[in-house]
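Secondary and tertiary structure notes
Each chain, written out:
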Amino acid sequence: QMSNSSSITHFLLLAFADTRQMQLLHFCLFLAIYLAALLGNSLIITTIAWDHHLHTPMYFFLLNLALLDLGCISTTVPKSMANSLWDTRDISYTGCAAQVFFLLFLIDAEFALLTVMSYDRYVAICRPLHYGTLLGSRACAHMAAAAWASSFLHALLHTANTFSLPLCQGNAVDQFFCEIPPILKLSCSSSYLREVGLIVVSVFLAFGCFMFIVVSYVQIFRTVLRIPSQQGRHKAFATCLPHLAVVSLFVSTCTFAYLKPPSIFSPSSNLVVAVLYSVVPPGMNPLIYSLRNQELKDALSKLIT
């Protein structure tokens, strides 16, 4: 038992496996997912940066999303792989704080960006004549900057608040990376209520973004269904479906991770859920976007050849 947080120099993360074979299997699995995510997101970033036909708001936001996905998966996966490889559970106090900060910052920014992207799709389909004026390059840069900056401040606030709490319940984190809920469990008595209050406010903000996305899509679908030609409808849906799929994957995994009933709470189910929302979306997003997107596929094949 630790007396207070000042004496904690490191935390112990939840291990994926206790036998050597399983640890190595976990290492190989994570390595494969990590390399796939690195490759997919890097290809998207390179293709969009290289092909000037893709210098449009939609692809500008997609490039930002790919950068966030790269950061997100790099925050949790390499450390977990290293721990499995060296058969340890350690993470330093600063390393843990950095993980909390970067994960929160990148996941927040991703959600903010997905919200901005739904606005982009709404303007493109429901107000096409105003697209150039509402989403000029400056407006897009401002929106992306706002998403990054607000998420940075939000993450800083939460991280500073969480790590200023006195911790007296040991140093074993109930997760394969550091995040706020398991660290709050280590804090003493009622001192964590302030952070819980902040989390509640954040949940309301996130819900506001979610409602904005839902309303945008209701408008989009109403407009698309009024398009007379079959081909026009198909084209409009094709530009929206990848974004909708990414949003659904992101929201469903995050919601399940944080709102799952305590009855299914076990360390193993916890690990699976954490992998679902922190590892799967960054690996899947490039695939979702590139499979449905002919422009991106064409540019990619030109780049490769």
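So, how was this worked out
Residues numbered from 1 in each chain as written. Predicted model: local features only at pLDDT ≥ 70, side-chain atom pairs only at ≥ 80, totals over all residues. Heavy atoms only, no water. Disulfide = S-S within 2.5 Å. Helix = DSSP H or I, 4+ residues; strand = E, 2+ residues; numbered from the N terminus. Buried < 20%, exposed > 50% of the residue type's maximum accessible area, 1.4 Å probe, protein only. Phe/Tyr/Trp six-rings, centres within 6.5 Å; stacked < 30°, edge-to-face > 60°. UniProt positions renumbered as here; feature names shortened; annotations may be inferred. Salt bridge = Lys/Arg side-chain N within 4 Å of Asp/Glu carboxyl O. Core = buried A, V, L, I, M, F, W, Y, C linked by side-chain atoms within 4.5 Å. Contact = heavy atoms within 4.5 Å. Polar contact = N/O pair within 3.5 Å; in protein donor to acceptor, adjacent residues only side chain to side chain. Expected span 1.5 Å × (residues − 1). Axes fitted to C-alpha atoms, helices over the stretch in contact; angles between N-to-C directions. Left-handed = near helix turned anticlockwise from the far one by under 90°. Nonpolar A, V, L, I, M, F, W, Y, C, P; charged D, E, K, R; others polar. Arc of directions from axis to C-beta.

Re the state of the cysteines
Applying the stated criterion to the full structure yields one disulfide. Each sulfur in the disulfide pair cysteine 96 and cysteine 178 lies 2.0 Å from the other. Residues cysteine 96 and cysteine 178 are joined by a disulfide whose S-S torsion is about -110°; by sign, that bridge is left-handed. With cysteine 96 in helix H3 (residues 93-126) and cysteine 178 in the loop between helix H5 (137-163) and helix H6 (180-184), this pair connects stretches of sequence that are 82 residues apart. Looking at cysteine 96, the relative accessible area reads 0%, which means it is buried. Looking at cysteine 140, it has no disulfide partner, and the nearest cysteine sulfur is the one in cysteine 240, 16 Å off. Judged by relative accessible area, cysteine 140 falls into the buried class, the value being 3%.

So, the packing of aromatic side chains
If you walk through the whole model with that rule in mind, you get 16 aromatic pairs. Arranged with centres 5.6 Å apart and planes meeting at 85°, the rings of tyrosine 93 and phenylalanine 163 form a pair that is edge-to-face. Linking tyrosine 93 in helix H3 with phenylalanine 163 in helix H5, this pair joins segments that are 70 residues apart in sequence. The exposure class of tyrosine 93 is partly exposed, given its relative accessible area of 22%. We classify phenylalanine 163 as buried; its relative accessible area is 14%. Between tyrosine 119 and phenylalanine 212, the ring centres sit 6.5 Å apart and the planes meet at 40°, which makes this aromatic pair tilted. Here tyrosine 119, found in helix H3, pairs with phenylalanine 212, found in helix H7 (residues 193-225); they are 93 residues apart in sequence, far enough to count as distant. One aromatic cluster in this structure is built from Phe101, Phe102, Phe105, Trp148 and Phe152.

Structural notes on the UniProt feature "transmembrane region" (unreviewed entry) in the protein
Here the UniProt feature "transmembrane region" (unreviewed entry) sits at residues 24-46, 58-77, 97-119, 196-215, 236-259 and 271-291. End C-alpha atoms of residues 236-259 are separated by 34 Å, and the span's content is 100% helix alongside 0% strand.

A closer look at the pattern of salt bridges
By the definition in use, this model includes three salt bridges. The residue arginine 121 makes a salt bridge to aspartate 120 at a minimum N-O spacing of 3.0 Å. Residue class for aspartate 120 comes out buried when judged on its relative accessible area of 1%. When the shortest N-O distance is used, the salt bridge between lysine 185 and aspartate 174 registers 3.9 Å. One end of the pair, lysine 185, is in the loop between H6 and H7; the other, aspartate 174, is in the loop between H5 and H6, with 11 residues separating them in the sequence.

A closer look at the nonpolar core
The biggest cluster of nonpolar side chains holds 66 residues, and the ones touching the most others in it are Ile48, Phe61, Leu62, Leu65 and Phe176. Here the element with the most residues in this core is H3; it accounts for 14 residues. Aside from chain neighbours lying at most four places away, what touches leucine 65 is Glu110, Leu113, Leu114, Met117, Val246, Asn285 and Tyr289. In this structure, Ile8, Ala97, Val100 and Leu186 belong to the second largest nonpolar core, which totals 16 residues.

Examining the environment of serine 187
When you line up the elements, serine 187 lands in the loop between H6 and H7. Discounting residues that sit within four places of it in the chain, serine 187 has contacts with Leu165, Pro166, Leu167, Cys168, Gln169 and Tyr192. Polar side-chain contacts of serine 187 include one of 2.7 Å to the backbone oxygen of leucine 184.

Structural notes on the side chain of serine 80
Take serine 80: it is sitting in helix H2 (residues 57-86). A polar side-chain atom of serine 80 sits 3.4 Å from a polar atom in the side chain of histidine 26. Ignoring any residue separated from it by four or fewer positions in sequence, one finds serine 80 in contact with Phe16, His26, Phe30 and Phe176.

Looking at helix H1 (residues 20-50)
Count 3.6 residues to each turn of an α-helix, and residues three or four apart come out pointing the same way. Helix length check: H1 (31 residues) gives 44 Å between terminal C-alpha atoms against 45 Å at 1.5 Å per residue, within 8%. The set of residues buried in H1 consists of Gln23, His26, Phe27, Phe30, Tyr34, Ala37, Gly40, Asn41, Ile44, Ile45, Thr47 and Ile48.

Topic: the packing of H3 against H5
Across the interface, H3 lies against H5 with an axial gap of 8 Å and an inter-helix angle of 150°. Taken as a pair, H3 and H5 cross one another with a handedness that is right-handed. Among the residues making up the contact of H3 with H5, the classes are represented as 19 nonpolar, four polar and one charged.

Things to note about helix H11 (residues 294-304)
What H11 keeps buried is the set Leu296, Ala299 and Leu300. Down the axis of H11, the buried side of the element spans an arc of 100°, and every buried residue falls inside it.

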